[in-house]
Amino acid sequence: GGIIRYEESYQSANGTINIDIGLRFPPNAVSDPITVSSIVSQDALTGDFSVTFGPSPNNFLKPALLTFRVTGLDPATLPSNPDNIQFVSMDNDNFVPVPAANIKVDIKQGSLSVVNGEIFHFSRFGWSTKNED
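Residue indices begin from 1 for each chain and proceed along its sequence in written order. Local features are withheld for residues below a pLDDT of 70 in this predicted model, meaning they are given only at 70 or higher, and side-chain atom pairs are given and counted only at 80 or more; totals for whole chains, interfaces and linings count all residues. With hydrogens and water excluded, all non-hydrogen atoms of the structure serve as input to the side-chain values.

I'd love a proper account of the overall build of the protein, names of residues and values included.
Helix and strand definitions here come from DSSP, where helices need a minimum of 4 consecutive H or I residues and strands a minimum of 2 consecutive E residues; each element is numbered from the N-terminal end. Counting its regular elements, the protein contains zero helices and ten strands. Per-residue burial for the protein yields a buried fraction of 35% across its 133 residues. Expressed as a percentage of contacts within the protein between residues at least 6 apart in sequence, the contacts between residues at least 24 apart total 64%. Areas reported as accessible are Shrake-Rupley estimates using a 1.4 Å probe. Residue values count occlusion only from the protein chains shown. Entry remark: accessible area of the protein is about 7800 Å², with carbon and sulfur atoms responsible for 48%. Partly exposed residues are those whose accessible area sits between 20% and 50% of the maximum for their type, while under 20% is buried and over 50% is exposed, using a 1.4 Å probe and protein chains only. Here a residue-residue contact requires only that any non-hydrogen atoms of the pair lie within 4.5 Å.

Break down the pattern of salt bridges for me, citing the residues and quoting the values.
Where charged atoms of side chains with opposite charge meet at close range, the side chains can pair. Salt bridges are defined by distance alone: a side-chain nitrogen of Lys or Arg within 4 Å of a carboxyl oxygen of Asp or Glu. Counted under the stated rule, the structure contains two salt bridges. A salt bridge links glutamate 7 to arginine 5; the shortest N-O distance between them is 3.4 Å. A single salt-bridge network, built from bridges that share partners, covers Arg5, Glu7 and Asp20.

Give a description of the sheet that holds strand 1 (residues 2-12) that names residues and reports values.
Strands qualify as paired when DSSP identifies two bridges or more between them. The antiparallel open sheet is built from five strands, whose spatial order is 1-2-5-9-8. With one partner strand each, in any of the chains shown, strand 1 and strand 8 (102-106) form the two edges of the open sheet. Strand-to-strand twist in this sheet, taken as the mean axis angle between neighbours without regard to direction, amounts to 15 degrees. Pairing between strand 8 and strand 9 (residues 111-121): five bridges, direction antiparallel. Note on strand 9: the bridge partner recorded for isoleucine 103 is valine 114. To define axes, lines are fitted to C-alpha atoms, for helices over the stretch in contact only, and angles between the resulting N-to-C directions are given on a 0 to 180 degree scale.

Lay out the nonpolar core in plain terms, naming residues and giving numbers.
One finds Phe68, Val70, Phe87, Leu112, Ile119 and Trp127 to be the most contacted residues of the largest nonpolar core, which totals 24 residues. For this core, the secondary-structure elements that each account for two or more residues are strand 2 (15-25), strand 5 (59-71), strand 6 (85-91), strand 9 and strand 10 (124-129). We call a set of buried Ala, Val, Leu, Ile, Met, Phe, Trp, Tyr and Cys residues a nonpolar core when their side-chain atoms join them within 4.5 Å.

Explain the environment of threonine 71 to me, using residue names and the numbers behind them.
Its place among the elements puts threonine 71 in strand 5. With a relative accessible area of 15%, threonine 71 lands in the buried category. In the structure, threonine 71 is positioned 62 residues away from serine 9 in sequence and 9.4 Å away in space, judged by C-alpha atoms. Every residue in contact with threonine 71, bar those within four places of it in the chain, is listed here: Thr16, Ile17, Asn18, Gly110 and Ser111.

Can you explain the confidence of the model for the protein? Please cite residues and give values.
Confidence of the predictor in every single residue is expressed as pLDDT, which spans 0 to 100. Chain-level pLDDT for the protein is 81 on average; 83% of the residues reach the 70-or-more range. Ranking the elements of the protein by mean pLDDT puts strand 4 (residues 49-54) last, at 65, and strand 9 first, at 91.

Report on the packing of aromatic side chains, specifying residues and quantitative values.
A ring pair, where both rings are aromatic, is described by two values, the distance of the centres and the angle of the planes. Centres within 6.5 Å are what make two rings of Phe, Tyr or Trp a pair, Trp counting through its six-membered ring; a difference in plane orientation under 30 degrees is then read as stacked, over 60 as edge-to-face, and the rest as tilted. Tallied over the full model, the rule gives six aromatic pairs. Aromatic side chains phenylalanine 25 and phenylalanine 60 sit 5.3 Å apart centroid to centroid with 90 degrees between the ring planes, which places their arrangement in the edge-to-face category. Linking phenylalanine 25 in strand 2 with phenylalanine 60 in strand 5, this pair joins segments that are 35 residues apart in sequence. Under the relative-accessibility criterion, phenylalanine 25 is labelled buried at 11%.

Rendered as structure tokens:
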């Protein structure tokens, strides 16, 4: 088990973007010790960012729990219906919803958050809008 923390702030064209990430591995989540890496990519002009964890592929025996909050986003870029957002991983060019204790969008604050997202393997993670059927 163990915890990885990452915090960063940067300036975008619309103001300060704050990122706070916590990834908690429960005891015995992996069979062999691993060294975890993360790559955070940001675009100061738009405020867009992405996070990629590694090594990949690497499946866990128990899910790691990801808590991720970003604030300072341009409210105009957030979905008009906050109930229509999901936290996803990218698997084989498909967005796969990630089970989580809580997923929240606050348009007024320009924030997105996920609490205890269940990560069963490393991938690229982010928010997307749900498909409307």
